[in-house]
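# Chain and residue survey
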Amino acid sequence: MCTLLLAIGQHPQFPFVLAGNRDEFYKRATQPAGWWPEFPNVYGGRDLAGGGTWLGITKSGRFATLTNYRDLNNLTPNAPTRGTVVSDFLTSDKHPLAYLEEVVPTLNRYNGFNLLVGLLKNERGVPEIWYLHHGQKTSLSIPIKLQSGIYGLSNAALNTPWPKVVIGRSRFADILHKEAPKPAHFLALLEDETIYPDEDLPQTGVSQEWERVLSAMCIRSPAYGTRVNSVLQADHQGLLHFWERTYLPDTQTYEVQDILIQSHHPLLNMM
């Protein structure tokens, strides 16, 4: 993922809501979200080029997602894919903090990333989400447990005030004030192609032209752009809605998966 908006404990019906876009080169081989044959408890997309995933959940209520940290001046060529950091959590049974503590000593192998892992419902019946930032290789990375609140994340650290993060969080909060926010409400936010003024843009090692292109919530360019919109809503009654919209650049059309899992489904063992 490259832009994520997350709400924990901010809606009376939905204690966990996530809306996010995955930005990637169109030619990178990808498999849409589905149950993994070799790990039938895991539901998520697949990166067929490097392995791993950018977003997934499990039948036991584990959740993980990742964004890249954009710093082209400090890239390590041939570093291992970051997507396995997500899939390794989904296929383990470790507590989120214990898992992150194992990841920290290995961080210098990877290029920068932001990782969210957790449980959609812990033993106290509430979402438990942990955050790990891996940016400059000389900085200290410490797992942080996220408290109730609304968070925005792109290709910098959590809540860094890039325009699409600031405006995205505000619009996300407005949607959550609705009595029954629906995936369609979040889609409109994720489809925003606004390009922001140069004076508001970060300097991350790409050209100014690319900073403009990448400033949009929904990125469109000939070879690179937003390929997936994802929405997750988990409620108190044991209902999980996983919605995915995949952009097909060759035809400029979309494929939609709308997965609604109710209390009789085994996924709701987690709730």
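Read on for an overview of the structure. Just so we're clear, the structure is a prediction, and the values are computed from it rather than from any experiment.

Another point: the overall build of the chain. Scanning the chain from terminus to terminus reveals five helices and 13 strands. The C-alpha atoms of the chain give a radius of gyration of 17 Å, which matches the 18 Å a tight globule of 271 residues would have. By principal-axis analysis of the C-alpha atoms, the chain measures approximately 50 × 40 × 35 Å. Among the 271 residues that make up the chain, the fraction classed as buried is 53%.

The strand order across the open sheet formed by seven strands is β3-β4-β5-β6-β7-β8-β9, and the pairing between neighbours is antiparallel. Of all strands in the sheet, those with a lone pairing partner are β3 (30-36) and β9 (144-145), marking the two edges. The strands touched by helix α1 (residues 83-90) are β3, β4 (39-47), β5 (55-58), β6 (62-68) and β7 (113-119); relative to β6, the strand with the most contacts, the crossing angle is about 175 degrees. Of the strands in this sheet, β7 and β8 (128-134) touch helix α2 (residues 96-103), which is tilted by about 155 degrees from β7.

Time to look at the side chain of T58. You can see T58 is positioned in strand β5. Overall, T58 belongs to the buried group, its relative accessible area being 2%.

The interhelical angle for the contact between helix α3 (residues 163-176) and helix α4 (residues 183-190), taken along N-to-C directions, is 165 degrees, at an axis separation of 10 Å. When the axis of α3 is compared with that of α4, the two are roughly antiparallel. The way α3 lies across α4 gives a crossing that is right-handed. For the pair α3 and α4, contact is made by G168, R171, F172, I175 and L176 and by H185, F186, A188 and L189, respectively. Residues that form the contact of α3 with α4 fall into these classes: six nonpolar, two polar and one charged.

In terms of residue burial, α1 counts as a mostly covered element, since six of its eight residues are buried. Every buried residue of α1 is accounted for by G83, V85, V86, S87, F89 and L90. For α1, the secondary structure elements touched by its buried residues are β3, β4, β5, β6, α2 and β7.

How each quantity is defined
- Residues numbered from 1 in each chain as written.
- Predicted model: local features only at pLDDT ≥ 70, side-chain atom pairs only at ≥ 80, totals over all residues.
- Heavy atoms only, no water.
- Helix = DSSP H or I, 4+ residues; strand = E, 2+ residues; numbered from the N terminus.
- Rg over C-alpha atoms; globule rule 2.2 N^0.38 Å.
- Buried < 20%, exposed > 50% of the residue type's maximum accessible area, 1.4 Å probe, protein only.
- Pairing = 2+ DSSP bridges.
- Contact = heavy atoms within 4.5 Å.
- Axes fitted to C-alpha atoms, helices over the stretch in contact; angles between N-to-C directions.
- Parallel < 35°, antiparallel > 145°, perpendicular 65-115°, else oblique.
- Left-handed = near helix turned anticlockwise from the far one by under 90°.
- Nonpolar A, V, L, I, M, F, W, Y, C, P; charged D, E, K, R; others polar.

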